[in-house]
Each structure stands twice: as C-alpha cells, then as structure tokens.
Amino acid sequence: MTFFEQYVAPPLWMVGQSVLLLVVLLVVVAYILYADRKIFAAVQLRRGPNVVGPWGLLQSFADLIKFVLKEPIIPASANKGVFLLAPLVAGVLALSAWAVIPVADGWAVADPNLGLLFVFAISSLEVYGIIMGGWASNSKYPFLASLRSAAQMVSYEVSIGFVIITVLLCVGSLNLTDVVYAQTDGVGTSLGLPVNSFLDWHWLPLFPMFIIFFISAIAETNRPPFDLPEAESELVAGHMTEYSSTPFLLFFLGEFVAITLMCALTVLLFMGGWLPPIDIAPFNWVPGVVWFVLKGMFVFFCMAMVRSIVPRYRYDQLMRLGWKVFLPISLAMVFITAFILMAFDLMPDPEAKRAAFEQAAVVVLKVTA
Amino acid sequence: MGVAALFFYLFATICVASAFMVIASRNPVHSVLFLILCFFNAAGLFMLTGAEFLALILIVVYVGAVAVLFLFVVMMLDVDFAELRDGFLQYMPIGAVIGIILAVELILVLGGLSFDPEIAARAVQPIPDLAEVSNIQAIGDLLYTKYIFFFQLCGLILLVAMIGAIVLTLSHRPDVRRQNIADQVARDPNDVELRSVKPGEGI
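Residues numbered from 1 in each chain as written. Chains lettered and ligands numbered in written order. Predicted model: local features only at pLDDT ≥ 70, side-chain atom pairs only at ≥ 80, totals over all residues. Heavy atoms only, no water.

Describing the overall build of chain B
Point 1. Along chain B, the regular secondary structure elements total nine helices and zero strands.
Point 2. Ordering the α and β elements of chain B from the N terminus gives α-α-α-α-α-α-α-α-α.
Point 3. Evaluated residue by residue, chain B yields a buried proportion of 18% over its 203 residues.
Point 4. Excluding contacts between residues fewer than 6 apart, the proportion of contacts in chain B whose partners are at least 24 apart in sequence is 51%.
Point 5. About 16,000 Å² of surface is accessible on chain B, with carbon and sulfur atoms providing 70% of the total. (Helix = DSSP H or I, 4+ residues; strand = E, 2+ residues; numbered from the N terminus. Buried < 20%, exposed > 50% of the residue type's maximum accessible area, 1.4 Å probe, protein only. Contact = heavy atoms within 4.5 Å. Areas by Shrake-Rupley, 256 points an atom, 1.4 Å probe, with all protein chains shown as cover.)

Regarding the domain arrangement of chain B
Point 1. Parsing chain B into structural domains produces domain 1 (1-78) and domain 2 (135-174).
Point 2. Using only C-alpha atoms to locate each centre, domain 1 of chain B and domain 2 of chain B end up separated by 25 Å. (Domains from an automatic or database assignment.)

Digging into the packing of aromatic side chains
All names here are of chain A.
Point 1. This model, assessed by the stated rule, comprises 20 aromatic pairs over all chains.
Point 2. Ring geometry for Phe 67 and Phe 248: centres 5.2 Å apart, planes at 45°, overall tilted. One end of the pair, Phe 67, is in helix α2 (residues 59-69); the other, Phe 248, is in helix α11 (residues 245-270), with 181 residues separating them in the sequence.
Point 3. The class for Phe 248 is buried, based on a relative accessible area of 17%.
Point 4. A ring pair is formed by Phe 248 and Phe 252, whose centres lie 5.8 Å apart and whose planes are at 20°; its orientation type is stacked. Remark: Phe 252 and Phe 248 occur in helix α11; sequence separation between them is four residues, near one turn of the helix. (Phe/Tyr/Trp six-rings, centres within 6.5 Å; stacked < 30°, edge-to-face > 60°.)

Observations concerning helix α6 (residues 140-171) of chain A
Point 1. Here α6(A) contains 32 residues, and its C-alpha end-to-end distance of 46 Å stays within 8% of the 46 Å for a straight helix at 1.5 Å per residue.
Point 2. Following α6(A) by one or two positions, A:Gly172 adopts a phi angle in the positive range, close to 85°. (Expected span 1.5 Å × (residues − 1).)

Examining the nonpolar core
Across soluble globular proteins, nonpolar side chains show a tendency to be buried alongside one another.
Point 1. A:Ile101, A:Tyr128, A:Leu269 and A:Phe270 are the most contacted members of the largest nonpolar core, which totals 112 residues.
Point 2. With 16 residues, α11(A) is the largest single contributor of residues to this core.
Point 3. Sequence-distant contacts of A:Tyr128, that is, excluding residues within four places in its chain, are made with A:Val89, A:Gly133, B:Ile36, B:Val63, B:Ala67, B:Val68 and B:Leu71. (Core = buried A, V, L, I, M, F, W, Y, C linked by side-chain atoms within 4.5 Å.)

The structure is reproduced here in structure tokens:
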C-alpha cells in the first residue's frame, strides 16, 4: 500500500464527504429557517418573508450576508476569549453530531458502534455555548439566561436519556443503522401484515416515549414554548443579547442545526429512518434519503406548529414538567419495556438482523450484475 | 502505529497542559473550562485504547452534567480569589505530601505492570480481548452480572446521599401559594360563577 493510499486518500475522502454534508445541511437550515418564519406567519395570518427572491425564498441568504457584513461589537467589559469561543462552541458542536447520522442505508460520514451515545454526548455539550456566552458577556440578562438554560438542558437531558435507553432496549445496539434495521419488523409484522410498513416503526409500541422525546427535543433546543433562556419579554434576547454580526449568526446557526439534529434523531429513533412508509412498488422506488428528509420535514413542521400555537411556559412549570412528569413516566417505561422484552422473550438480536440485511444486499447486487 | 502515537502525544500533551492550567489560571471560570478541555482529551485517550464506551460516558457524565454544575456554581460564587490565593503557600506542604503519595502509588501500579507483565493477567477480572467481547458487553457482564450486589449497594448509597441533600435543603414556606395543577385541571366549568363587573365598581 502506497503512502498516498494509506495516509492521504482516506482523509481526503472523509473531508469530501463532510464538506458535501455540511453544504447540504446548511442549505437545509436556510430553508428550515424560512419555513419556520412562513409557518409562524401563516398561523398569525401574516405573509411572512416575501420580498427577497420569489416568495421570499432567498430571505435566509440575505440575512446571512447582512450578519457577515455587519461590524462585530465586543463589549468592553466582556471576557474576550470566552466571549468569542462561545458561539464557535455552539456552532461547531451542533454540526459535529451530524457526522454519525445515517441519512440513507450506508450514507453516513461515520457509522460507529456507539453512534447514538455519540449524538447524546454531543447534544449534552450544546449547553456550553450558552453558558459561556452568557457568562462572558458580563451583563445581567445574558447571565440569567445562561443559568436558566443550564438548568433546563440538564433537566431535559435526563428524560431524553431514558427515551434513548428504551429504544436501545428494543434495538439491542447503539449503532444508528441498527436502530433503523430494527424497525423493519415490529407491531405491523407481528399482526400478520405481509410487507414492512409504518406500523412496524418504534413510534407505535413506544408511543408515550415518542411524545416525551418530541417535547424534550423542543426543550433541549430551547425552542418555544420552552425558550426561557431567550424569552424576549423577560430577558431581551437572553444569552445572545450582547452578540452582534457573525458571532450572533453562529449562535443562531448552532441553534437551528441542533433543531435539525433533533428532527433527524426523532426520525431515526421512532419513524423508521430512511424506510418507506409502505414497502411496496411506488414507495420503495423513492430513494431512502428522500424519505428521511420528508420525515424530518414533518417533524420540523410539528415543532413549528407547536411554536406558533402554544404559549410560553413559566419557569417553575417547565421544571415541574421535566422532573415530576417526564422523569417518572420515562423511568417507568424503561422498566415496563425491559419487563415485556424479558417476559415474552422478545430480546432483539441486532447482529442477526444486520447479517440478514447484508445478505439481502449481496443478493440484490448479484441479481443486478 | 504512527498515527495512533501522534494522536496519543497530542491528547496527552493537551491533557496535562490543561490540567496544569486548571490550577494555574487566575479566573475560576477559566479553570473549569480548562477542566472540561482536560476531560475531553482524557476521553480521546480512552478512545485510542479502544474503550469507546468509557470515553463517551466520560463526556456525557462528567462534561455534560458534572462540569455544567461546576460551572454553574463557580459562575454564581462571589468569592475573592485573590484573598484565597494569599493563603496558598500555607497549605503547600500538605498538598505536596498528598501529591507525592499519589504519584508514588501511580508509579508503583504502572511500574509494576511494566516490570512484570504477568500482573495484568493475574487481575481479578482480566480485560477481555476487544475482538471477542464488545466494550458494553464486558462492562455489563462485570457490573450487572458478576458484581450486581456491589453495584446496587453503590446505587443505594448514592440514593441516600441524594435524599440527605434534599432533606437538608428543603424548607417549607407556608406563606407561599403554590400552583396545584391537578386542582386546576379538575375544576368543573359548571361550578364557576360568572358575574359581570361594572367598570369602576368592583364586585
């Protein structure tokens, strides 16, 4: 093996994949921002952004250019290093979790055995951007916001962790590809349906966890109705009050990338990932990545609707929901799921399933060859 | 091997340097941030040895939860650190003794391994081969099968500590009205009396 093949080509290949993923992701984020504003406007019987480009489609790019060209202002009493590090942490961490998300069968920059744990670890770090930004601004509102968000994100991580454990029990593996494979037979197949369908996905047997995960994902990404860290009626713009220009843009971007990540995670854990809703002719001709994006969009639409129609929570109610409602329910569901799996001998075998899929793929290759 | 060694020295250097900065930096918040950097590089070292589960758990538990609370507390503390630092030399001898004891112990453990490689094989639970058993399975076998009672005992101690902390800090304030969500939800709209209030008169 030459030097090029061993040390140059693989990193280059990985960089190429990452750049492709980043570009697609950032364009998706631009349009998700636009969709968010349009949905919010439609619910309030407004038009929303409609000036830049046809139907306002280029609004996000106009915003981007505006942010980049403005003058960054660093407050005189701010802790300069941490002040500039915070938005970088927020942006980079949110993007890095996407490295392990498989958007179609085999389409992931990396597919490690502990992918789910990796995503959980990264998403638990996103709080640092907010805490550091709030502290380094050396101002009251950002500081209060960072305290709020630290408590909020740590609280909701607990229930997200338990939801992940339940899914993990039903899958038997922390690999995200295995999580999707595990959803090829479930309730629908055991009811005797001949083909794999949306009834096999985890949302049906784990329905309470699906709801808890969805709500916790909204709380974890500081979206309304849980946007206490930046509640504009109380804290101006929360941790971003002192930020301007590109640092602000990075915070904003990190927040929305985290939202797309949570949508992707909901799709992977509960909605069958890239699997078609019904595995018959017109549906399974569509490439998996299209289904993945469509499902992600659906989850995002639900989040945007929640944001539009639900009033903001009060802080003590938010804490009550996290610790006194979600924690007991999700803890109980972990026990119930484990009990059912043991009692009815339903323990999953991810390796056998993966082997079956790889064999099927080989057969398909042979047929096409 | 070359790449792995390169990464080892990278992680190890940053880890030691940031650990030093934890005690050397003047600002306590900077100390905690360096501590986090140190945790990250330790996780990287775990990753290099193939203990990926430990690496990620280190990040989830220590960086994602414990260090957040550290940062939380340190940010809110209003302590005059210059004053604390004045008495630093006074504690120097005790600190040095403890440091030396720890260092000697580490050298004994690790040095013993390199003098006699068979010590590792004679451990109560030898580390299984990565090719045979995955990380999670190996840890699970030990914690949840072999040492389940000790594990449960640890959990019980933590539970007692947690309840103790809550009991110590719990204070009931009788003069505060609390929201009772069950009562609110259970209220029947038919029992509510509606009255029209004229402006400026009140009920």
